[in-house]
Amino acid sequence: MPRHWSQEPHWLSTADGPRSERTQSRRSRMKESSSMEILDYIEAYWPRIVRNVSVDEGTLIGLPRPYMAPAEDPIFQEMFYWDSYFTAVGLSGTPREQLVVDMAENMVAMLRRFGMIPNASRLYFLSRSQPPLSTAMFRLAFETKEARGDADACAFLAEAMNLAALEHRSVWLGEIHPHIRRVHAGLSRYFDANYTDELASFESGWDRSTRCQNRWLDHLPICLNSVLYLREIDLEWASRRLGDDESADAWRSAADARAASVRDLMWDETAGLFFDFDYVAGKRDGVATLAAFFPLWSGLASQSEADRMVGEWLPKFSQPGGLATSLTARDGHQWAWPNGWAPLQWIVVAGLERYGFREEAMRIMRAWCDTCVLSFEKTGAMWEKYNVVEVGSPPVDDRYGSVSGFGWTNAVFLDFHRRLGDR
């Protein structure tokens, strides 16, 4: 039974000031012991969130393969879009890696049926999607199948990426209702068919945050256009892998054009950071968030841009428990200061590693894993989000509170723990 946040873990009860070598060694052993307990917790938790829904049940969309819901909590029973990718990165290379393939196959099934992947596998979510990480998921599933010697690996890749290409053009580059996303300089916004700013923010996954002044329909988000850039790179890679160089060249040209527009509109040379762009007002919005680091993860940023961001901005986001989501707070807004979220830690770490900042990446991975350990000692559970500024204190909650479990937190902890151990 999870304990309360206010209970302090016994291994933190040390006197102030420099710790003795013996105390440091004892704390290190206790942290490692707690890490092992977390790994056991995660292994026992996975079966509790596996779902099999093969036919439609009310609003729940039937899917051909098993999947992992984000949490055991009754409010999270669907297969969520971007949650599934971050869960997959932790399952990859483990005895449960078949679920990576299964969830990718479910995405293919939704693309066949609806021409898009909804926010989650509910019929009422068809008005919007989520950050479109399907091509990254398809690459991960293909690599899993290829490593196992599955005979259908290339056939899977061909169908999945063809459907993703169709979705890319009709949904993410859409200019006609219900998909009015490409709206300015070849770049896209988040959208919802009901045409409301709040529901567009839900498509971003950042529900709720300090971004875009709550006018999401008026903004070109840096995270989305970085994801779309990576999709175009993924589609180039798949085309070449399947022997279609003409299509590959076209996708590379699309990616290059997007990168040029992003850099022109969203890079602030004076500040040394990427920002969301208010295309209605014709200016960058100036709100600093971890979304700025998506161009590093996708490879869109130049090395000099990455150098400036890491030198000037990473220290501002870095807190004792990991990376704060933004540098400003707003009451009732969970994707903001002082909260940290597992997928954003993972995105930033991947971007840092891509540009050669391995020490910084290691530091963030250690801080995040330590935060998970501390919270687990206090509560006996993993959580959807954490307070990374006052480690051990509750995070800022939104409309549904703090949910224990939690799929992407478990998966990112597994991935970070594995990589820290390898080094």
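Residues numbered from 1 in each chain as written. Predicted model: local features only at pLDDT ≥ 70, side-chain atom pairs only at ≥ 80, totals over all residues. Heavy atoms only, no water.

Looking at an unreviewed UniProt entry, one finds the protein chain named Alpha,alpha-trehalase, with Mesorhizobium waimense as its source organism.

**Examining the overall build of the protein chain**
Selection criterion: Secondary structure elements follow DSSP: runs of H or I no shorter than four residues count as helices, runs of E no shorter than two count as strands, and numbering proceeds from the N terminus. For the radius of gyration, the atom set is restricted to C-alpha positions; the globular benchmark scales as 2.2 Å times the number of residues to the power 0.38. Any residue under 20% of the maximum accessible area for its type is buried, any over 50% is exposed, and the rest in between are partly exposed; the area is computed with a 1.4 Å probe on protein chains only.
Along its length, the protein chain carries 13 helices and 17 strands. On C-alpha atoms alone, the protein chain measures out to a radius of gyration of 21 Å, which is about the 22 Å that the 2.2 N^0.38 rule sets for 423 residues. Here the C-alpha coordinates of the protein chain stretch approximately 65 × 50 × 40 Å along the principal axes. Here the protein chain holds 423 residues, and the buried ones make up 59% of them.

**Notes on the confidence of the model for the protein chain**
Defined as follows: pLDDT expresses, on a scale from 0 to 100, how confident the predictor is about each individual residue. The contact criterion used throughout is that any non-hydrogen atoms of two residues lie within 4.5 Å.
Summarising the model, the protein chain shows a mean pLDDT of 92, and 92% of its residues fall at 70 or more. Scored below 50 in pLDDT, residues 1-19 makes 41 contacts in the model with residues more than four places away or belonging to other chains.

**Quick word on the nonpolar core**
Heads up, the condition is: The set of buried Ala, Val, Leu, Ile, Met, Phe, Trp, Tyr and Cys residues whose side-chain atoms join them within 4.5 Å is what this entry labels a nonpolar core.
Formed by 137 residues in total, the largest nonpolar core has its most connected members in Tyr85, Phe138, Met266, Phe274, Phe293, Trp297 and Trp346. Setting aside its immediate chain neighbours within four residues, Trp346 contacts Tyr85, Phe86, Val89, Trp297, Val412, Asp415, Phe416 and Arg419.

**What about the sheet that holds strand β11 (residues 283-284)?**
Formally: A pair of strands is labelled paired if DSSP reports no fewer than 2 bridges between them.
Read from one edge to the other, the open sheet built from three strands follows the order β7-β10-β11, with strand pairing classed as antiparallel. Two strands close off the open sheet at either side, each with one partner strand: β7 (219-220) and β11. Direction of pairing for strand β10 (residues 277-278) relative to β11: antiparallel, over a ladder of two bridges. Bridging from a neighbouring strand, Asp278 pairs with Lys283 of β11.

**Here's the deal with the pattern of salt bridges**
Put simply, the rule is: One side-chain nitrogen of Lys or Arg within 4 Å of one carboxyl oxygen of Asp or Glu is enough to make a salt bridge.
Under the counting rule described, the total for this entry stands at 36 salt bridges. Across the pair Asp415 and Arg418 runs a salt bridge whose closest N-O atoms are separated by 3.0 Å. Of this pair, Asp415 and Arg418 are both found in helix α13 (residues 407-422), three residues apart, which corresponds to roughly one turn of the helix. Salt bridges here are not isolated pairs; linked through shared partners, they connect Glu236, Arg240, Asp245, Asp249, Arg252 and Asp256.

**Considerations on the packing of helix α2 (residues 81-91) against helix α4 (residues 134-148)**
Put simply, the rule reads: Interaxial angles span 0 to 180 degrees and are taken between N-to-C directions of axes, which are lines fitted to C-alpha atoms, for helices over the stretch in contact. Roughly parallel covers angles under 35 degrees, roughly antiparallel covers those over 145, roughly perpendicular covers 65 to 115, and oblique covers all other angles. Definitions for this section: a left-handed crossing has its near helix turned counterclockwise from the far helix by less than a right angle. A right-handed crossing has that turn clockwise.
For the pair α2 and α4, interaxial distance at closest approach is 10 Å and the crossing angle is 30°. Between α2 and α4, the angle falls in the class roughly parallel. Seen from above, α2 lies across α4 with left-handed handedness. Here α2 contributes Tyr81, Ser84, Tyr85, Ala88 and Val89 to the contact with α4, which in turn contributes Ser134, Ala136, Met137 and Leu140.

**A word on the packing of aromatic side chains**
Two aromatic rings, taken as a pair, are described by how far apart their centres are and by the angle between their planes. Worth spelling out the cut-off: Pairing of aromatic rings covers Phe, Tyr and Trp, the last through its six-membered ring, and needs centres within 6.5 Å; plane angles under 30 degrees mean stacked, over 60 mean edge-to-face, and all others mean tilted. Only lysine NZ and arginine CZ atoms are considered, and such an atom sits over a ring when it is within 6 Å of the ring centre and within 35 degrees of the ring normal.
Under the criterion given, the structure shown has 26 aromatic pairs. Seen from the ring of Trp237, Arg139 lies directly overhead, with NZ or CZ sitting 3.9 Å from the centre. The ring of Trp313 carries Lys316 above its face, with NZ or CZ at 4.1 Å from the centroid.

**A few points about helix α11 (residues 342-354)**
Which entries qualify depends on this criterion: By this rule, a helix spans an expected 1.5 Å times one less than how many residues it contains.
For α11, built from 13 residues, the straight-helix expectation of 18 Å at 1.5 Å per residue is met to within 8% by its first-to-last C-alpha distance of 18 Å. Among the 13 residues of α11, twelve are classified as buried, and the element is accordingly described as predominantly covered. The set of residues buried in α11 consists of Ala342, Pro343, Leu344, Gln345, Trp346, Ile347, Val348, Val349, Ala350, Gly351, Leu352 and Glu353. Backbone geometry just downstream of α11 places Gly356 in the positive-phi region, at approximately 90°.

**With respect to unusual backbone geometry**
Cis geometry is adopted by the peptide bond preceding Pro338, which originates at Trp337 and carries an omega value of 5°. Topologically, Pro338 is positioned in the loop between β13 (322-323) and β14 (339-341). That bond from Gly405 to Phe406 is cis: its omega, -20°, falls within 30 degrees of zero. Within the secondary structure layout, Phe406 lies in the loop between β17 (404-405) and α13.

**Notes on the environment of His333**
Quick note on the threshold: Side-chain atoms alone can form a polar contact between residues adjacent in sequence; in general such a contact is a pair of N or O atoms within 3.5 Å, and within protein one must be able to donate a hydrogen while the other accepts it.
Looking at the element boundaries, His333 is found in the loop between β13 and β14. A C-alpha to C-alpha distance of 9.3 Å links His333 and Trp206, two positions 127 residues apart in sequence. Here His333 is in contact with Arg208, Ser209, Asn214 and Val396, once residues within four sequence places are set aside. A polar side-chain atom of His333 sits 2.9 Å from the main-chain carbonyl oxygen of Asp331.

**Quick notes on the state of the cysteines**
Stated precisely, the cut-off is as follows: Any two cysteine sulfur atoms lying within 2.5 Å of each other are counted as a disulfide.
Evaluated as defined, the whole model comprises zero disulfides. The thiol of Cys212 is unpaired, and the distance to the nearest cysteine sulfur, on Cys223, comes to 7.9 Å.

**Some words on the environment of Trp335**
Here Trp335 lies in the loop between β13 and β14. For Trp335 and Pro74, which are 261 residues apart along the polypeptide, the C-alpha to C-alpha distance reads 22 Å. Those residues in contact with Trp335, other than ones at most four positions away along the chain, are Trp82, Gly205, Trp206, Asp207, Arg208, Ser209, Thr210, Thr325, Trp341, Pro343, Leu344 and Trp408. In terms of polar contacts, Trp335 uses its side chain to reach the backbone carbonyl oxygen of Gly205, at 3.3 Å.

**Topic: the environment of Arg189**
Along the chain, Arg189 turns up in the loop between β6 (187-188) and α6 (197-204). Arg189 sits in the buried class, given a relative accessible area of 2%. With 34 residues separating them in the primary sequence, Arg189 and Cys223 have C-alpha atoms 9.9 Å apart. When sequence neighbours within four positions are dropped, the list of residues in contact with Arg189 reads Ile180, Arg181, Val183, Tyr195, Glu203, Leu217, His219, Leu220, Pro221, Leu224 and Tyr279. A distance of 3.3 Å separates polar atoms of two side chains, one belonging to Arg189 and the other to Tyr279.

**Here's the deal with the packing of α2 against helix α3 (residues 98-114)**
Where α2 contacts α3, the axes come no closer than 9 Å and their chain directions differ by 160°. Taken as axis vectors, α2 and α3 run roughly antiparallel relative to one another. Classified by chirality, the crossing of α3 by α2 is left-handed. Across from Tyr81, Ser84, Thr87, Ala88 and Leu91 in α2, the residues of α3 making contact are Leu99, Val100, Met103 and Met107.

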